[in-house]
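Close look at the chain arrangement
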Amino acid sequence: MHHFTPTSSERNLISHIFPENGTCRDGEWEKYFCYKSIEVPDGYTGPHLHFPMTFCGVSKLVEAFKHKQQLHARYVLQLLGETWRLLRILTNINHVSTSHTKEITICGDLHGHLEDLLLIFYKNGLPSSERPYVFNGDFVDRGKNSLELLLILFGFLLVYPNDVHLNRGNHEDHIVNMRYGFTKEVLGKYRMHGKKILQLLQEIFSWMPLATVIDGKILIVHGGISNKTDLHTIARVDRHKYVSALRPSKPNHCAVNSSRRTQTIKSNNRNAGGPVAGRRRVCSLSHDSSATALRCELPRRSLHNLPISPQLSWTVEEELKRRRRLAGFDQTYGEQQRSESDSDPECEATTETDEHEWKQIVDLLWSDPMPQNGCIPNNVRGGGCYWGPDVTEAVLGRHNLQLLIRSHECKQDGYEFCHNRRVLTIFSASNYYEVGSNRGAYIRIGPDLIPHFSQYQASQTCRDLTLRQSVGWTERSALRALRKQLFVHKSDLISAFQEFDPNNTGMICLRDWASATESVLKLSLPWRVLRPQLVNSVQNGMVDYQQWIRELSITERSLEISDTSILETMYRNHSNLETIFRIIDTDHSGLISFEEFRQTWKLLCSHLKTEISDEAIADLAQSIDFNKDGSIDINEFLEAFRLVDPSAHS
């Protein structure tokens, strides 16, 4: 239910907020994300950073975040800029070595759980040249401190570039971030500079390495593998092309002549100097200098090209351009421009090579193991595959590896072996679904390459829970999420129920209720088994579906809205709406006008292909303008539509 499968209309919406095709030249990035004009006020009480970063500096950052302090935007941008410069010189596959005096610590998903990261550091020690770490992706989303967690990891990466390794996860993706909270977190914490921070993070995510190999024997990737996985291909991929792994790269720029290319490479190398100059290059399994040169020569993409959906009317398109200009997205890059390569037929479509490379990356980030042999599409997640023990044996054997370590899935004990103990899942975010739902864990590996596990739970209140209590916490969390899904599909459910109730009695049998519910939500759930937790209105095996619909989740405030379709659209697109509101709120006041409110809804509806009248939008705006000042308070608007469980008030 929570796995991300974007619809085509949702991708169009996101492509307007985040440019789909690319990056600009290094000099333009330096100019656009320049922090020097941002002043730190005298009253600022947070940490002050100095560069190049030192162990002392990043330790102070850890202490500051531990005490709920916020880093000033100037230092955030400066730290991200230094991280971007370093990541660009790293290879796709990091190669790490153990020694008799040095174990390597491997952490799985953290998802913004800063308390888990701090607990790991307390139990295992801070990263250093004697205590190297591999962090296996999914640093952000879901948790409330994703940005702080990222900044700590980036700080240690800058201090110990050969001993701290960050693999990219499927949540290091700006499209996923819009759905699962990281975009909202950044815009909420940094209203003035949040958009710049997000764009720089989008660039940073695309430069993160894809895998790490320990002693040539243990492969670490975030999601998994497929029967097509080839580490030699992965080592040569221009990973930066795949800003989002949810869609293949669209090459907009073809090769230029060799003299111009050489000149660009020299310029890039100069820009890549500075703080990281003189550092040792991190090695890679199956990667050589020619591959490095190849990746350097690949043309950079441009932020100039912003695709406009042909489905949009001209009015909406112009309005969108105006909104983006006001929001500051086009301050540096200007309006759309047609590049010289647009007329080159070789650049018009994604090549077979690009498609193959993209699938390789998607498999690494999104795949899950299964007990059966074979390799099948991962339709639950909408990307990657399910792969079996035979695929594990083949891929590990082909590359002379003995173990695959991956993350990507929450495990009750924080870790789990499968495929004859040749695949190991590690998950480091404790209490992931709910307090007490799971432990977190990390791995230590020495020269014998035998994994040793440490488990923990960040909350003291949940450490003494029994298994039955822990499962209960998780079940209640899942049922709350399920009730919300039922509520937002209320109209569709009523229509499905009425097909089984031709006489309009308001009653249908349990079998028909389960069949109709599955036909609408398509979650493949055992609805008749779940019925006691979901439906109370049952008499003689018949469900009073009208009463049941009324008993589903309700809104916190009682709003007089005549058009219920706008409410359902609101609930289904709650996260996207908030992000758009934050972008439209160009003066960062937290207020938007009625007209801006209307334009937001019209823009969203054009992408969703949903018809909502101006009268319905005006009715909604007036209902939530509680102080009648003619403007909408964003936070008040979102609170007005917060779903609550009516049973909690009984």
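These figures come from a predicted structure and were not determined experimentally. (Residues numbered from 1 in each chain as written. Predicted model: local features only at pLDDT ≥ 70, side-chain atom pairs only at ≥ 80, totals over all residues. Heavy atoms only, no water.)

Attention now moves to the sheet that holds strand β12 (residues 423-426). Within the open sheet, the six strands sit side by side as β1-β5-β6-β10-β12-β11. Their pairing is mixed. The two strands at the open ends of the sheet, each matched to only one other strand, are β1 (93-96) and β11 (415-418). This sheet shows a mean twist of 20° between the axes of neighbouring strands, independent of strand direction. (Pairing = 2+ DSSP bridges. Helix = DSSP H or I, 4+ residues; strand = E, 2+ residues; numbered from the N terminus. Axes fitted to C-alpha atoms, helices over the stretch in contact; angles between N-to-C directions.)

So, about the sheet that holds strand β7 (residues 368-369). Spatially, three strands are ordered β7-β9-β8 in an open sheet, and the strand pairing comes out mixed. In this open sheet, the two strands that pair with only one neighbour each are β7 and β8 (375-377). Here β7 pairs with strand β9 (residues 385-387) via two bridges, running parallel. Within β9, the position partnered with P369 by the bridge is W387.

Looking now at the nonpolar core. The tendency in soluble globular proteins is for nonpolar side chains to be buried as a group. Core analysis: the largest hydrophobic core is formed by 60 residues, its most contacted members being L71, F135 and L201. At the level of secondary structure, the elements contributing two or more residues to this core comprise α3 (55-66), α4 (73-87), α5 (114-124), β3 (133-135), α6 (146-159), β4 (164-166), α8 (182-189) and α9 (194-207). The element best represented in this core is α6, accounting for eleven residues. Non-local contacts of F135, meaning those with residues more than four positions away in its chain, are made with C107, L110, L117, F121, L153, V164, H165, L166 and N167. (Core = buried A, V, L, I, M, F, W, Y, C linked by side-chain atoms within 4.5 Å. Buried < 20%, exposed > 50% of the residue type's maximum accessible area, 1.4 Å probe, protein only. Contact = heavy atoms within 4.5 Å.)

Here we come to α3. The end-to-end C-alpha distance of α3, which contains twelve residues, comes to 16 Å, matching closely the 16 Å that a straight helix rising 1.5 Å per residue would cover. On its buried side, α3 packs onto α4, α5 and α6. K68 sits one or two residues past α3 and shows a positive phi near 65°. (Expected span 1.5 Å × (residues − 1).)

What follows deals with the UniProt feature "domain: EF-hand" (unreviewed entry) in the protein. Following the UniProt record, the feature "domain: EF-hand" (unreviewed entry) maps to residues 488-523, 572-607 and 612-647 here. Summarising residues 488-523: 64% helix, 8% strand, and an end-to-end C-alpha distance of 14 Å. (UniProt positions renumbered as here; feature names shortened; annotations may be inferred.)

Our focus in this paragraph is the side chain of R239. Of note, R239 is situated in the loop between α10 (231-236) and α11 (258-271). As a buried residue without a salt bridge, R239 has its nearest oppositely charged side chain in D238, at a separation of 6.9 Å. One polar contact links R239 to N92, side chain to side chain, over a distance of 2.6 Å. Of the polar contacts made by the side chain of R239, one reaches the backbone oxygen of W207; its length is 2.7 Å. (Lys, Arg positive; Asp, Glu negative; His and termini not counted. Salt bridge = Lys/Arg side-chain N within 4 Å of Asp/Glu carboxyl O. Polar contact = N/O pair within 3.5 Å; in protein donor to acceptor, adjacent residues only side chain to side chain.)

Further remarks concern the pattern of salt bridges. If you walk through the whole model with that rule in mind, you get 14 salt bridges. The salt bridge partner of D163 is K102, with a shortest N-O separation of 4.0 Å. Taken together, the positions of D163 in the loop between α6 and β4 and K102 in the loop between β1 and β2 (104-107) put the pair 61 residues apart, joining distant regions of the chain. The salt bridge partner of K189 is E148, with a shortest N-O separation of 2.8 Å. Residue K189 is located in helix α8, and its partner E148 is located in helix α6; the two are separated by 41 residues in the primary sequence. What makes E148 buried here is its relative accessible area of 9%.

Moving on, we get to the pairing of strand β10 (residues 403-406). By the alternation rule, side chains of β10 split into L403 and I405 and L404 and R406, which are all buried. Alignment of strand β6 (residues 218-220) against β10, held across three bridges, turns out to be parallel. If you follow L219 over to β10, its bridge partner there is L404. Pairing analysis gives three bridges linking β10 to β12, with the strands arranged parallel. Within the sheet, the bridge partner assigned to I405 lies in β12 and is L424.

Evaluated as defined, the whole model comprises 16 aromatic pairs. Taken together through their ring pairs, the aromatic side chains of F55, F121, Y133, F135, F156 and Y160 make up a single cluster. Geometry around Y180 places R142 over its ring, the cationic atom sitting 4.6 Å from the centre. (Phe/Tyr/Trp six-rings, centres within 6.5 Å; stacked < 30°, edge-to-face > 60°. Lys NZ or Arg CZ within 6 Å of the ring centre and 35° of its normal.)

What follows is about the side chain of S437. With respect to the helices and strands, the residue S437 is situated in the loop between β12 and β13 (440-445). Within polar-contact distance, the side chain of S437 engages the backbone nitrogen of Y432 at 3.4 Å.

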